[in-house]
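A look at the structure
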Amino acid sequence: MTNIDRSAADKPLALRLLSMVSPAQTGLAPFIAAIMLLAVILLTIFSPQIATHDPLAMDPLMRLKPPSEAHLLGTDGYGRDLFSRMILGGRISLLIGICAAVVALGLGVLIGLVAGYFRLADAIIMRAMDALMAMPSILIAIGLVALNGPSIGSVIMAITIPEVPRVVRLVRSVVLTAREEPYVEAAMALGSSTPKILFQHLLPNTMAPMIVQGTYIIASAILTEALLSFLGAGISTEIPTWGNIMAEGRQYFRINPGIILWPGLLLTICVLSINLIGDAARDALDPRMKKRQA
Amino acid sequence: MTHSKTLSMKAGLFASVFALAAGGALAETTVTAVMHSDLRVLDPVITTAHITRDHAYMIYDVLVAEDETGKIQPQMADVTASDDGLTYTFTLRDGLKFHDGAPVTGADVVASLQRWGKRDTGGQMIMDVTASLEAKDDKTVVWALSAPFGPFLETVGKQSALPPFIMPARIAQTPADQAIQEHIGSGPFKFVTEEFQPGVGATYVKNEEYVPRSEPASGYAGGKVVNVDKVRWLTMPDSQTAVNALQSGDIDLIESMPVDLIPLLEGDDTVAVEKRAAFGFQTMGRMNFKHPPFDNPKIRQAALLAMSQEPVLAALTASPEYYQVCGAIFGCGTRLESTTGTETLTAAGNPEAAKKLLEEAGYDGTPVVLMQPTEAPTLKAQPVVAAQQLRAAGFNVDMQPMDWQTLVTRRASMEAPANGGWNMFFTNWQMSEVANPVISVMLNGRGDTAWFGWPDDPKIEELRKEFIAAATPEAQKAAADKIQAHAMETVSYVPLGEYNFPQARRTVLTDMAPTPVPVFWGLKKSEE
Amino acid sequence: MLSYIFKRVLSVVPVLFLVSVFVFLMLRLTPGDPAAILAGDNATPETLQRIRDAMGLNEPLLTQYVKWIAGILRGDFGTSLISGVEVLDLVAKRVGPSISLAVLTIIIAVLVAIPMGVIAAWKHRSWVDYLVMSFSVLGFSVPVFLVGYVLLLVFSVKLGWLPPQGFKPLSAGIAPFLERAILPALTLASIYIALIARMTRAAMLDVLNEDYIRTARAKGVGERRILFVHALKNAAVPIATIVGAGFALLISGVVVTETIFNIPGIGRLTVDAVLARDYPVIQALILLTASVYVAINLLIDLSYSLFDPRIRY
C-alpha cells in the first residue's frame, strides 16, 4: 500500500485528489458518498439554525415522547428533543473524529520521521509501537478515559493514542524507501541539516498515504467515541454526541428504538461515506492499488 | 406481547411433561433474581452498600429485628431491660448454629457487636455511653450503659444500613477497617463461596440446620422459613436485558425495575409488577460546608430555594405512581413527619427569591462543582436536573461527570473543589435509614467526623441529644420537629422527595414478604 | 529456519516488557487512589495511610514495578481491590465464555467471508462483487452494538426464537451452547466478515492474475479447483495475517457483545474493572490480552513458511 508508483507520485497531489471525485474516473460510489457526507456535514454545521428546540433544554415531564409535530423524532429520557440533539451531536462527533485524526497524524508523522531517519531511535521506537499495538485499543481507551475523566480532551486522547502506532509504521516505511532516493542521498551527502532533510525532503513523501490514513482515522474515531459512550466511558451527556445519545437510549431500546436507531443511522451514513471516500482516495493516490482492487 | 405468552405456555407444557416423565421426582427449586446492583463487597460492616446488606440478611442472623409494624421483636435472642434503662440482657435461644457447625455463643455476639460499634453511626453513639458489654455465659450477653439511650433497641434492631449481624468471634475479630475473609453466619441461607463471581453473580443454598422461630414471619422478625433449595443472584447491568430474561423465563425476579420499562411487561400475565414495600427511598442533594460558595449558609439557602422536587423525581422515576413529593426529612406518613422549611421545594421552587438571596450574600460566581455519576441508574438524573435549576437561579454550575467509584473516592476529599474536592453531590437513602435523627447520617453535625460535606453544627448535635434523651413519643416528636426546622434552615441537605422502584416477578414466585430489604425466606416457587 | 524461530520468539520479550511498563505507568501516574477504594465508605485518613503502606504505594515507583513484575512471573497477579478475590481466579473463571465465543465467531467469519471474497474476486466487477464490497464497507461503518441490538430485537424479542441473554458452556451440550452463543457470535462476526472478505478478495485478485493460474486454466483444470485449491492456497498468507491482526478488533467486539448479551466473559470483567478502578484486575487483563495478541501474531508469522514455501528467512 505504501509503495507509491513513481509516475503517479509525479502528478501533483491536488490533481490526483481532484480526479477521485469525478464520477467518470472512479465509479459512482465515492461520488454518492461525497454528497451524503456533505449533507451530514451541512446538517451539523447549521444545526443551530435547523434545530427545532434547544438541544440542552430539559423537560422531565415530557420524557420519552414518540415522534410528533413538536418533536420530529420524539424526546429522550430527560424530555430533550432528539432531533435537535442528534444534529448537534453529529457536530461534536465529527469534531472528535477530525481532532483525533489530526493529533494522531501529527504525532505519528513526527515519531515516524524520527524512527525512519535515525537508525538508533528506530529499534526502541518500533518496539514501543509494537507494545502499544499489542494492547487492545479499546482497553487502552476505556482505561484512559476512566482514569482521566470523561472530558472531550481525554476522549480525543484516548482515541488517538492507539491510532498512533499505525501511522508511525506507515510513515517509517515511506521514509525508509524515500531515503534511498537519489535526491535524498544527495541532500545528505551535501550536508543539509537534519531537520531540513526530514521536513523538506522526507515529509512530502508521506503526504499521500497520510491523507488516506487520516480519513480512516476519522471514521474509526467516530465509531470509537460511540463505543466508549456505550460502555459508560464517554463524554458527559451535557455535550451531546452520537455516541452518548445512543448510550442513553440503550435502556429505552424496546420503548423507543429511535433514540438509538436514528443517530446510529446518521453515524453509519457518515462513517460509511468517509470510508468510501478513503478507499477512493487510496485508489486515486496509489494507482497500483487501484489496478488491483477497483 | 402475545409471542412471549405462547413461549412461556410452551415452556410450561415442557415443564409439566418433564415432571410427569420424571414421576414427580423431587426437583430442586432455584430462585434466580436480578438484584439492584452487583455484589462485590461481602463484609456487611465495612460498607453501607445495600447489596452487601441484602447479602448479609441471607447468611447472617440478628439479635432482635423489626416486625412489619416497625416494632422490635426477638430474633436470635430475647431481651430484657432494667428499670432504669441502663442494662440490657440478651438471652440466646436454643438451636442456633453457625454454618461451620459451631454453636452461637455469647462471645460471638459480643465480638460482632463490638466490630459493628466501630463502624455504624448509631453503634458509635451507643458505644459512647457503653459502660460494659460482655458475655456472662454461653447464652447470655449483658450490655450496660452509663447514660440512658432512648432508641437503644431501635438502633440494635434496625434494618439498615449497617445492622449488627452476628458472625463467629474469630471472624468478628478482624479489624473493623479490614474486610472479613470468611463468610459464615447462622442465617437461613449458606453462601456458596466457589460460585461467587463478582460481576456475574452469587449463589446461596438453604441452610438445612437452621431452626426458625415458631412465630409467623413478620417484617424481619418471626420464623425465617426457607421454601426453596437455592437462590441465585445474577448481575445484569442492562435493565433491558433483565426484562428480556424475565419474559423468557431465565430469571424469576427483578428487584428494582426501572419504571420506564414497565410497559414492556403489560399484558403479560406470567409477570407481576408491584411495589415491594410501603416505604421506598429518599433522594437528596448534599453540599460541602467546607468550601465556597456553600460554606455560606445564605448561599446554601439560595440553592434550596432554587430547587424543586417534582422535575427531579420525574426524571428519576418517570411515573408519579412511583414517586412522591415530600418535604419531611424523616419521611411522609411517619411518626416524626414535619415539613417545615420545604415549602418551595415541594412547589415549583422560587428562583426569584434565590437570585435575590444570592445577591444579598454577595455570590461572586464561584463555580459550583457538581459531581454526576454517569452509570448509576438511580443517581444519574438528579444532578442533571438540579444543575438546570441552579443555573436558572444564577449559580455558575460546573457539572463533572464521573463513574460512581470515582465519585465515592472524590467525595471523601476535604480539599477545595479546584484541587480535587467538590461542592455538591446526590445520594439516596432507604427511608428506614433516615427515619430518625439517630440513624440518619445526613444530620450528623460533628464537623470533620461527620458524613461527607462535614457540617460543623453544634446546635444540631444538641438537638439530637435532646431526641435521644426524650422519654415519651411526644417529646421525641417535638425534638424531631426542631431538628427538621433547624436542618432546613442551615440546609444540612436538600431532600428531593421519595421514590419507590417496583419489583417485577414471575407469578410462579409467591408469598414474598413486603419488606424494604428483599429477603428470600418465606417465598415459594411453584411448578409452572 | 530454527534460528529464525528462535529469534522471532525472542523478539517478543522486549514488546511484552514494554507493555508491562505502559500498563504499570498508565495506572500509577493517573489520579485515583487504590487505597481509598479498598478502604470503603467511611475510612479515616489513618486507615488510608495504613493501607497505602501495606500495599507498598508509598515506595518508589521502580521498587513497586519490580515487586509487581516479580509477583506476575511467579503467577501472582494480586487480589481484586473491590471483592478481595484473587485476580487469576477471577480471570480464569471468565476466560471460557470469551474463548468459546471468539472461536465460534472465527469459524462463522471464515466460513462466510472466504467464499464471499473468493466469489467476489472470481466475478470481478459483477453485481456480486459490488454487493460483497458494499457489505464489507458497511460492516466497518456500523457500530457493533447497533448490530447486536437489532439482532436481539428481531430474533429474540420479536420472533422469540433465541434466548435474549446469558451463556451455557459447551459442556452443557452443543444445542444449549449454540442457542445462546449464536446471536453474540453473529454480532461479533459482522465486522470480522467484512474484514476477511475484503482481504480475501484483494489477495485472490492478485493471485488470479498470476501466470500459473492462467497455465492451470489453459490445462483445463476445473474452475472450482482453480479458485479454492490453487488460488486460495496462495492467497492464504495475507488472509491469515488479517485473521491475526483482527484479534484486536475481536477484543473490542467482545467487550461490547458480552455487555449486550450478558455473557460472563473477560470483556464484561474488563468494563467492570475499569469502571470500578480495580487496578490489579485491569493490569492483569491488559497484560494477558496483549500476550495473547503477541502470541497469535507470532504463530501466524511462523506459519507463513508453512503456507508459502517461497518465504524463507
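Please read these numbers as outputs of a predicted model, since none were measured by experiment.

1. What about the overall build of chain A?
- Secondary structure summary: chain A contains 14 helices and 0 strands in total.
- For chain A, the succession of helices and strands along the chain, N to C, is α-α-α-α-α-α-α-α-α-α-α-α-α-α.
- A buried classification covers 57% of the 294 residues belonging to chain A.
- Sequence separation of 24 or more characterises 69% of the internal contacts of chain A that already satisfy a separation of 6 or more.

2. Notes on the sheet that holds strand 12 (residues 230–234) of chain B
Residues and elements named next belong to chain B.
- Reading across the sheet, the 7 strands line up as 10-11-12-1-13-21-14 and stay open at both edges, with mixed pairing between neighbours. Each edge of the sheet is formed by a strand with only one pairing partner; in this case those strands are strand 10 (189–191) and strand 14 (271–274).
- Where strand 10 lies against strand 11 (residues 201–206), 3 bridges are found, and the strand directions are antiparallel. Paired with Phe189 across the strands is Lys206, a residue of strand 11.

3. Here's the deal with the side chain of Arg85(A)
- Assignment of secondary structure puts Arg85(A) in helix 6 (residues 82–117).
- Not counting the four nearest positions on each side in its chain, Arg85(A) is found in contact with Pro55(A), Leu56(A), Asp76(A), Arg80(A), Thr237(A), Pro240(A), Ile245(A) and Glu248(A).

4. Here we look at the state of the cysteines
- Evaluation of the coordinates by the stated rule reveals 1 disulfide over all chains.
- Note that Cys326(B) is cross-linked by a disulfide to Cys332(B), the S-S spacing being 2.1 Å. Here the S-S torsion is close to 100°, and the disulfide linking Cys326(B) with Cys332(B) is therefore right-handed.
- Cys270(A) provides the cysteine sulfur closest to Cys99(A), a residue in no disulfide bond, and the two sulfurs are 14 Å apart.

5. Quick word on the packing of aromatic side chains
- This model, assessed by the stated rule, comprises 29 aromatic pairs over all chains.
- Seen from their ring centres, Trp422(B) and Trp454(B) are 5.8 Å apart, and the 45° between their planes marks the pair as tilted. Placement of the pair is Trp422(B) in the loop between helix 13 (404–411) and strand 19 (424–430) and Trp454(B) in the loop between strand 19 and helix 14 (458–469), with a sequence separation of 32 residues. Trp454(B) carries the same exposure label as Trp422(B), and that label is buried.
- Counting every residue linked through ring pairs, the aromatic cluster contains Trp422(B), Phe425(B), Trp429(B), Trp451(B), Phe452(B) and Trp454(B).
- Between the NZ or CZ atom of Arg179(A) and the centre of the ring of Tyr117(A), over which it lies, the distance is 5.5 Å.
- Over the face of the ring belonging to Trp521(B) we find Lys224(B), whose NZ or CZ atom lies 4.5 Å from the ring centre.

6. Side note on the nonpolar core
- One finds Phe90(B), Trp143(B), Tyr204(B), Trp233(B), Phe395(B) and Phe520(B) to be the most contacted residues of the largest nonpolar core, which totals 302 residues.
- For this core, the leading source of residues is helix 9 (residues 174–208) of chain C, giving 16 residues.
- Residues Ile254(B), Leu261(B), Leu264(B) and Tyr322(B) belong to the second largest nonpolar core, which totals 18 residues.

7. Structural notes on the packing of helix 10 (residues 211–218) of chain C against helix 11 (residues 223–234) of chain C
All names here are of chain C.
- Between helix 10 and helix 11, whose axes approach to 11 Å, the crossing angle comes to 160°. Relative to helix 11, the element helix 10 is oriented roughly antiparallel. In this structure, helix 10 crosses over helix 11, and the sense of that crossing is right-handed. Residues Tyr212, Ile213, Ala216 and Arg217 of helix 10 pack against Glu223, Ile226, His230, Ala231 and Asn234 of helix 11.
- Here the contact of helix 10 with helix 11 is built from residues that sort into 5 nonpolar, 2 polar and 2 charged.

8. So, the sheet that holds strand 6 (residues 87–92) of chain B
All names here are of chain B.
- Pairing within the open sheet is antiparallel, and its 4 strands lie in the order 5-6-8-7. The open sheet has two free edges, formed respectively by strand 5 (77–81) and strand 7 (130–135), since each of these has just one partner strand. Each adjacent strand pair in this sheet contributes to an overall mean axis angle of 15°, direction not counted.
- Bridge analysis of strand 5 against strand 6 gives 5 bridges, and the strand direction is antiparallel. What sits directly across from Asp78, in strand 6, is Thr91.
- Docked against the sheet, helix 3 (residues 106–119) engages strand 6, strand 7 and strand 8 (140–145), running at close to 145° with respect to strand 7.
- Across the sheet, helix 4 (residues 121–128) touches strand 7 and strand 8, and the angle it forms with strand 7 is around 105°.

9. A look at the pattern of salt bridges
- Scanning all chains against the criterion turns up 37 salt bridges over all chains.
- Its salt-bridge partner being Asp238(B), residue Arg250(A) comes within 3.4 Å of it at the nearest N-O pair. Taken together, the residues Arg250(A) in the loop between helix 12 (242–249) and helix 13 (258–285) and Asp238(B) in the loop between strand 12 and helix 7 (239–248) connect one chain to another.
- Relative accessible area serves as the criterion here: at 14%, Arg250(A) is assigned to the buried category.
- Of the charged contacts, one joins Glu134(B) and Lys136(B) as a salt bridge, the two residues approaching to 3.5 Å between their closest N and O atoms.
- Using a relative accessible area of 39% as the deciding quantity, one classes Glu134(B) as partly exposed.
- Residue classification places Lys136(B) among the exposed positions, given a relative accessible area of 55%.
- Among the charged side chains, a network of salt bridges with common partners joins Asp76(A), Arg80(A), Arg85(A) and Glu248(A).

10. Section: the interface of chain A and chain C
- Counting from both sides, the interface comprises 43 residues of chain A and, opposite them, 46 residues of chain C.
- Both faces combined, the contact of chain A with chain C buries some 4000 Å², and carbon together with sulfur accounts for 76% of it.
- Where chain A packs against chain C, one counts 1 salt bridge.
- Counting across the interface, chain A meets chain C through 3 residue pairs in polar contact (both at pLDDT 80 or more).
- Looking at the side of chain A that touches chain C, the element that brings in the most residues is helix 13 of chain A, giving 11 residues.
- In the side of chain A that touches chain C, the residues fall into 29 nonpolar, 7 polar and 7 charged.

11. Comments concerning the confidence of the model for chain A
Residue and element names in this part refer to chain A.
- Mean pLDDT over chain A: 82, with 87% of residues reaching 70 or higher.
- Helix 6 holds the highest mean pLDDT among the elements of chain A, 92, whereas helix 1 (residues 6–10) holds the lowest, 43.
- In this model residues 1–10 is a low-confidence stretch, pLDDT under 50, and it forms 18 contacts with partners more than four residues away in sequence or in other chains.
- Here residues 21–25 is modelled with pLDDT under 50, and outside its nearest four sequence neighbours on either side it reaches 5 contacts, counting other chains as well.

12. A short note on the interface of chain B and chain A
- Taken together, the contacts link 29 residues of chain B with 20 residues of chain A.
- With both sides pooled, the region where chain B packs onto chain A buries about 2000 Å², and carbon together with sulfur makes up 52% of that total.
- At the junction of chain B with chain A, the criterion picks out 2 salt bridges.
- For the side of chain B that touches chain A, the elements supplying multiple residues, two or more each, are helix 7, helix 9 (309–317), helix 12 (381–392) and strand 18 (397–402) of chain B.
- Grouping the amino acids of the side of chain B that touches chain A by side-chain chemistry returns 16 nonpolar, 7 polar and 6 charged.

13. Description of the packing of helix 6 (residues 87–122) of chain C against helix 9 of chain C
All names here are of chain C.
- Contact pair helix 6 / helix 9: the axes reach a minimum separation of 5 Å and the direction vectors enclose 35°. For the pair helix 6 and helix 9, the sense of crossing is right-handed.
- Partitioned by chemical class, the residues of the contact of helix 6 with helix 9 number 30 nonpolar, 4 polar and 1 charged.

14. Looking at unusual backbone geometry
- Omega for the peptide link from Pro292(B) to Pro293(B) comes to 0°, which places this bond in the cis form.
- With respect to the helices and strands, Pro293(B) occurs in the loop between strand 15 (281–287) and helix 8 (297–306).
- Positive phi values are uncommon outside glycine, yet Leu64(A) reaches one of about 50°.
- With respect to the helices and strands, the residue Leu64(A) is situated in the loop between helix 5 (47–50) and helix 6.
- For Asp511(B), which is not a glycine, the phi torsion comes out positive at approximately 60°.
- Mapped onto the fold, Asp511(B) is located in the loop between strand 22 (509–510) and strand 23 (524–525).

Conventions adopted
Residues numbered from 1 in each chain as written. Chains lettered and ligands numbered in written order. Predicted model: local features only at pLDDT ≥ 70, side-chain atom pairs only at ≥ 80, totals over all residues. Heavy atoms only, no water. Helix = DSSP H or I, 4+ residues; strand = E, 2+ residues; numbered from the N terminus. Buried < 20%, exposed > 50% of the residue type's maximum accessible area, 1.4 Å probe, protein only. Contact = heavy atoms within 4.5 Å. Pairing = 2+ DSSP bridges. Disulfide = S-S within 2.5 Å. Phe/Tyr/Trp six-rings, centres within 6.5 Å; stacked < 30°, edge-to-face > 60°. Lys NZ or Arg CZ within 6 Å of the ring centre and 35° of its normal. Core = buried A, V, L, I, M, F, W, Y, C linked by side-chain atoms within 4.5 Å. Axes fitted to C-alpha atoms, helices over the stretch in contact; angles between N-to-C directions. Parallel < 35°, antiparallel > 145°, perpendicular 65-115°, else oblique. Left-handed = near helix turned anticlockwise from the far one by under 90°. Nonpolar A, V, L, I, M, F, W, Y, C, P; charged D, E, K, R; others polar. Salt bridge = Lys/Arg side-chain N within 4 Å of Asp/Glu carboxyl O. Buried area = accessible area lost by both parts, 1.4 Å probe. Polar contact = N/O pair within 3.5 Å; in protein donor to acceptor, adjacent residues only side chain to side chain. pLDDT = per-residue confidence, 0-100.

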